[in-house]
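Coordinate inspection notes
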Amino acid sequence: VDRLGIALLGAGRMGMTHAAALPAIPGVRVVAVADPIEDAREAARWASGAARAYADPAEAIHDTEVDAVIVATPTPTHAYLVEEAVHAGKAVFCEKPVAEDLARATALWKTVRASGVPFQIGFQRRFDPGYAEARRRIDAGEIGTIDQFRSVGRDPAPPPLSYLKVSGGIFFDQALHEFDLARFLVGEVSEVMVWGATRVAEEIGAMGDADTAVTMLRFQSGALGVIENSRRAVYGYDIRTEVFGSGGKLVVDATPKTPLLRYGEQGVSADHYTFFTDRFRDASHEEMRAFVASVRAGTPPSPGIDDALQAMKIAQAATLSFRRQRAVPVEEAS
Ligand SMILES: NC(=O)c1ccc[n+]([C@@H]2O[C@H](COP(=O)([O-])OP(=O)(O)OC[C@H]3O[C@@H](n4cnc5c(N)ncnc54)[C@H](O)[C@@H]3O)[C@@H](O)[C@H]2O)c1
């Protein structure tokens, strides 16, 4: 292909991030955007330079100039839109989670595998310079045998209830990023034990979901891990990770957003990231760049459908553990 023709489906928080990134990426052009909300799709068309804007995502997928589809729509629509694109023979980039539950994700995994269509899942933290470098140093053996993993993921505030209702719950929606980091940095997880609580909003608890959770992990290697998630951090987006081993440890810390320090009567303060939109903006650009480069080169994109499914299995085990209040082997949930 000359320039890869893209259809961008969904022009919300994540879709607009991709719409802003794509024009700066070589070898690609956005052909079509799709969103049922007119203002949203027009904003995405303007940001991405797309020729056409559709209300119906199927029309964008089947646009003859489209070679690859980016799915950034609400979670319960992912599976059928990915299937539609795969059946049309178009490469797919899909936001996490790949589907709203594990059964749907497993069926989709089979479809994508059987088709051989290039597929990438939206775990953009793998493209953050800190996390990418941590992985390279682990692979180089710098911290020896890994014994422990810890990761914190706190959002500034809960998303709207309308989003939460279709999100799949805290483990499929939020903790999924930490589950992927655990796999990316340490390896496969064999068992989880969760305590979940409602500390932020009663409505979340009433939905059978948690807004605060601690997940303990046992890795296949024998290493142990702990993940803390919360839907509320009044100071912004709180993401940090530590991998500890026989030869030392690696820490991806929450560095200040800018070099600015303010000194005043109240003390010293620094700029902090507000959310994924600023903390992982560059990583989101990098993941798009990698997707485009892989599809153009004919090499399998990464992270792929196996990574999408494995993280979902851990999320399923975590959800069961939260409900049953006991440790759950990942295999039991699969
Ligand atoms: N990788 C990340 O860090 C990250 C961050 C946020 C969200 N996400 C994921 O991205 C997805 C979207 O989340 P969001 O926060 O952008 O949601 P959002 O609600 O801000 O945006 C979703 C958009 O999709 C549109 N839409 C709804 N149904 C559609 C359809 N059938 N076809 C086309 N467009 C449709 C809506 O009108 C809306 O504009 C979710 O699956 C979420 O889990 C990932």
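A few points on the structure. (Residues numbered from 1 in each chain as written. Predicted model: local features only at pLDDT ≥ 70, side-chain atom pairs only at ≥ 80, totals over all residues. Heavy atoms only, no water.)

Bringing the side chain of Lys 96 into the picture now. Within the secondary structure, Lys 96 is located in the loop between strand S5 (91–94) and helix H5 (102–115). Polar side-chain contacts of Lys 96 include one of 2.8 Å to the backbone oxygen of Asp 173. The residues touching Lys 96, leaving out its near neighbours within four places in the chain, are His 78, Ile 121, Gly 122, Phe 123, Tyr 163, Asp 173, Leu 176 and His 177. (Helix = DSSP H or I, 4+ residues; strand = E, 2+ residues; numbered from the N terminus. Polar contact = N/O pair within 3.5 Å; in protein donor to acceptor, adjacent residues only side chain to side chain. Contact = heavy atoms within 4.5 Å.)

What follows deals with the packing of aromatic side chains. Tallying each qualifying case throughout the model produces six aromatic pairs. Judged by centre distance (5.8 Å) and plane angle (65°), the rings of Phe 93 and Phe 291 are edge-to-face. Taken together, the residues span a long stretch of sequence, with Phe 93 in strand S5 and Phe 291 in helix H12 (residues 281–297) at a distance of 198 residues. On the basis of an interplanar angle of 80° and a centroid distance of 5.3 Å, the ring pair of Tyr 237 and Phe 275 is categorised as edge-to-face. Placement of the pair is Tyr 237 in the loop between strand S10 (224–230) and strand S11 (238–245) and Phe 275 in the loop between strand S14 (267–270) and helix H11 (276–279), with a sequence separation of 38 residues. Tyr 237 gets classed as buried once you look at its relative accessible area, which sits at 5%. Following the ring pairs from residue to residue traces out a cluster consisting of Tyr 237, Phe 275, Phe 276 and Phe 280. Here the guanidinium or amino end of Arg 13 rests over the ring plane of Tyr 163, the centre of that ring lying 5.2 Å away. Above the plane of the ring of Tyr 273 lies Arg 279, whose end atom (NZ or CZ) is 5.8 Å from the centre. (Phe/Tyr/Trp six-rings, centres within 6.5 Å; stacked < 30°, edge-to-face > 60°. Buried < 20%, exposed > 50% of the residue type's maximum accessible area, 1.4 Å probe, protein only. Lys NZ or Arg CZ within 6 Å of the ring centre and 35° of its normal.)

Ranked by internal contacts, the top residues of the largest apolar core, which has 80 residues, are Leu 9, Val 82, Val 98, Phe 119, Phe 149, Phe 171 and Leu 185. A total of 11 residues in this core trace back to one element, the largest contributor, which is helix H13 (residues 305–324). Setting aside residues no more than four positions away along its own chain, Val 98 makes contact with His 78, Ala 79, Ala 105, Leu 108, Phe 119, Ile 121, Ile 305, Ala 308 and Met 312. Residues Leu 22, Val 33, Ala 44 and Ile 70 belong to the second largest nonpolar core, which totals 21 residues. (Core = buried A, V, L, I, M, F, W, Y, C linked by side-chain atoms within 4.5 Å.)

Our next topic: unusual backbone geometry. Both trends apply: most residues other than glycine have a negative phi, and most peptide bonds are in trans. With an omega of -15°, the peptide bond between Lys 96 and Pro 97 qualifies as cis. Looking at the secondary structure, you find Pro 97 in the loop between S5 and H5. Phi is positive for Gln 325, which is not a glycine, with a value near 55°. Topologically, Gln 325 is positioned in the loop between H13 and strand S15 (328–329).

Moving on, we get to the site of the ligand. In the vicinity of the ligand lie 25 residues, with Arg 13, Asp 35, Thr 75, Lys 96 and Gln 124 positioned nearest. Interatomic distance of 3.4 Å between a backbone N/O atom of Thr 73 and an oxygen atom of the ligand. Lys 96 places a polar main-chain atom, nitrogen or oxygen, 2.9 Å from an oxygen atom of the ligand. Here the ligand is seated within the largest pocket. Listing elements by their share of the shell around the ligand, those giving two or more residues are helix H1 (13–21) and helix H4 (78–87). A class-by-class count of the residues in the shell around the ligand yields 12 nonpolar, eight polar and five charged. (Near = heavy atom within 4 Å. 1 Å grid on protein atoms, 1.4 Å probe; cavity = no way out; pocket = protein on both sides within 12 Å on 5 of 7 lines; lining within 4 Å. Sits in = over half its atoms within 2 Å of the grid points. Nonpolar A, V, L, I, M, F, W, Y, C, P; charged D, E, K, R; others polar.)

Relative to the helices and strands, Arg 281 is located in helix H12. By relative accessible area, Arg 281 is classed as partly exposed at 41%.

Spatially, the seven strands line up as an open sheet ordered S12-S11-S7-S10-S9-S8-S15, and their pairing is mixed. One side of each edge strand has no neighbouring strand; the edge strands of this open sheet are strand S12 (248–252) and S15. Both strand S9 (residues 212–219) and S10 contribute to a ladder of seven bridges, which runs antiparallel. Bridge assignment links Thr 215 to a residue of S10, and that residue is Ile 227. Packed on one face of the sheet, helix H6 (residues 129–139) meets strand S7 (146–154), S11 and S12 and runs near 165° to S12. Relative to the sheet, H13 contacts strand S8 (189–197) and S15, its axis offset from that of S8 by approximately 45°. (Pairing = 2+ DSSP bridges. Axes fitted to C-alpha atoms, helices over the stretch in contact; angles between N-to-C directions.)

Attention now goes to empty space enclosed by the protein. Regions of empty space are outlined by a rolling probe, equal in size to a water molecule, passed over the atoms. One pass over the full model with this rule turns up one cavity of 30 Å³ or more. Roughly 40 Å³ of internal volume is contained in the largest cavity. Every residue along the wall of the largest cavity is listed here: Tyr 237, Ile 239, Ala 254, Thr 255, His 272, Tyr 273 and Arg 279. In terms of residue class, the lining of the largest cavity is built from four nonpolar, two polar and one charged. (Points joined across faces, edges and corners; volume = space filled by probe spheres on them.)

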